[in-house]
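Descriptive structure summary
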Amino acid sequence: MAKIFCVANQKGGVGKTTTTVNLAAGLAKVGQRVLMVDLDPQGNATMGSGVDKRKLELTVYDVLLESASVAEARVTSAKCGYDVLGANRELAGAEVELVDVERRELRLKLALAAVADDYHFILIDCPPSLSMLTLNGLCSAHGVIVPMQCEYFALEGLTDLVNTIKQVHANMNKDLQIIGLLRVMFDPRITLQQQVSDQLKAHFGDKVFNTVIPRNVRLAEAPSYGLPGVVFDPAARGSQGYVEFAHEMVERIKKIQ
Ligand code: ATP
Ligand code: MG
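In what follows, the accompanying structure is described. Note that this is a predicted model, so its numbers are computed, not measured.

When its secondary structure is counted, the protein chain shows 12 helices and eight strands. Here the C-alpha atoms of the protein chain give a radius of gyration of 17 Å, agreeing with the 18 Å that 2.2 N^0.38 yields for 257 residues. Counting across all 257 residues of the protein chain, residues that qualify as buried make up 56%. Of the contacts formed within the protein chain by residues at least 6 apart in sequence, a portion of 79% connects residues at least 24 apart. Summed over all atoms, the accessible surface of the protein chain reaches about 11,500 Å², with 51% contributed by carbon and sulfur. Of the side chains in the protein chain, 27 bear a positive and 29 a negative charge, and the two mean positions are spaced by 5 Å.

Moving on, we come to the site of ligand 1. Lining the immediate surroundings of ligand 1 are 18 residues, of which G13, K16, T17, T18 and N216 lie closest. At 2.9 Å, a backbone N or O of G13 approaches an oxygen atom of ligand 1. Between ligand 1 and G15 there is a distance of 3.0 Å, counted from an oxygen atom to a backbone nitrogen or oxygen. In this structure the site holding ligand 1 corresponds to the largest pocket. Elements with a minimum of two residues in the shell around ligand 1: α1 (16-29), β8 (208-214) and α10 (217-221).

Before going further, it helps to spend a moment on the side chain of N9. On the secondary structure map, N9 appears in the loop between β1 (3-7) and α1. On the accessibility criterion, N9 (8% relative accessible area) is buried. Among the polar contacts listed, one links the side chain of N9 to the backbone nitrogen of K11, at a separation of 3.1 Å. Those residues in contact with N9, other than ones at most four positions away along the chain, are V14, K16, P127, P128, V146, P147, M148 and L161.

The rules we used
Residues numbered from 1 in each chain as written. Chains lettered and ligands numbered in written order. Predicted model: local features only at pLDDT ≥ 70, side-chain atom pairs only at ≥ 80, totals over all residues. Heavy atoms only, no water. Helix = DSSP H or I, 4+ residues; strand = E, 2+ residues; numbered from the N terminus. Rg over C-alpha atoms; globule rule 2.2 N^0.38 Å. Buried < 20%, exposed > 50% of the residue type's maximum accessible area, 1.4 Å probe, protein only. Contact = heavy atoms within 4.5 Å. Areas by Shrake-Rupley, 256 points an atom, 1.4 Å probe, with all protein chains shown as cover. Lys, Arg positive; Asp, Glu negative; His and termini not counted. Charge placed at Lys NZ, Arg CZ, Asp CG, Glu CD. Near = heavy atom within 4 Å. Polar contact = N/O pair within 3.5 Å; in protein donor to acceptor, adjacent residues only side chain to side chain. 1 Å grid on protein atoms, 1.4 Å probe; cavity = no way out; pocket = protein on both sides within 12 Å on 5 of 7 lines; lining within 4 Å. Sits in = over half its atoms within 2 Å of the grid points.

Encoded structure:
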C-alpha cells in the first residue's frame, strides 16, 4: 500500500514543485515505485517530469470529475522513472465545477485508493493556496511535507498552514500529520537563514527534516529541460540533497507504519 504525501505550502514559489519532482526522482533512484500527482493548474510538476501538459488527453481534472480513473489518466515518464498524473489549465475549472458536488473534498482520495497497491509512494504537488484542490490533497494524504525558505515571513505563513492541517485532521482525515518541514534554497552564509533555521528546530524539533536542500542553480535550470535536477545533473549539490532526502523519507515512513 502506497504512503501518500502532499507537498504543500500556501506561499508561492517556496520550492513545492522542485521538491515534489526531485523527491519523486530520488525515490525512483533508490528503487521505490512512485506516482507523482500534479494538483496545480500551472502544470509545472507535469512539465518538469518531461510530460507535455498541452498534449495530455486525460489529467487529474478528469479524475476529480470522475470521468476517468487514475489508471486511465496516468502516464509513465520513462526518463524520470516514475508515473505522472498530470495537470494543465483545465484544472482551474474544477474548483467551480465541484462546488455543488457532495463529498467533493474526497474525490482524489477515492480515486487514488484504486492504485495504492501499484506504488510505494504517491506524491502530490499542491498549488500555492488553501483551495479545494489543496483540500483534496490533504484529505488523500498520510502526511504533509512542507518545503520552506528560512526567511522571516516563512514562519508567519506556517501558522495558517498548521491550523489548516489541524482542522483537516480533526474533521476530515484522522491520518493526516505534518511529516516534516524541509529547509530549501538554503544558503548558510546568510545569518538570517541560520537564525530562522535554529528557530524552526527549537519550535518544531524532530519535525524538521535533517536534510537541508542548498540553493543550487542546477535545480532551477533542470525544468527547462523537462527534467528534475536529480535526473538532469545527478552530481549537482542540490540533486544530491534530494537523493539524501529520499533516503530520509524511506527511513521516516518506517516509523509511521
Ligand atoms: P508555486 O507556488 O508557484 O507552485 P513552488 O512552491 O512550486 O511555486 P518552485 O516552482 O519549486 O516553487 O520553485 C520556485 C523557483 O525557485 C523556481 O524557479 C525553481 O527553479 C527555483 N528553485 C527551487 N528550489 C531551488 C533551489 N534549491 N535552488 C535554486 N533554485 C531553486
Ligand atoms: Mg509549484
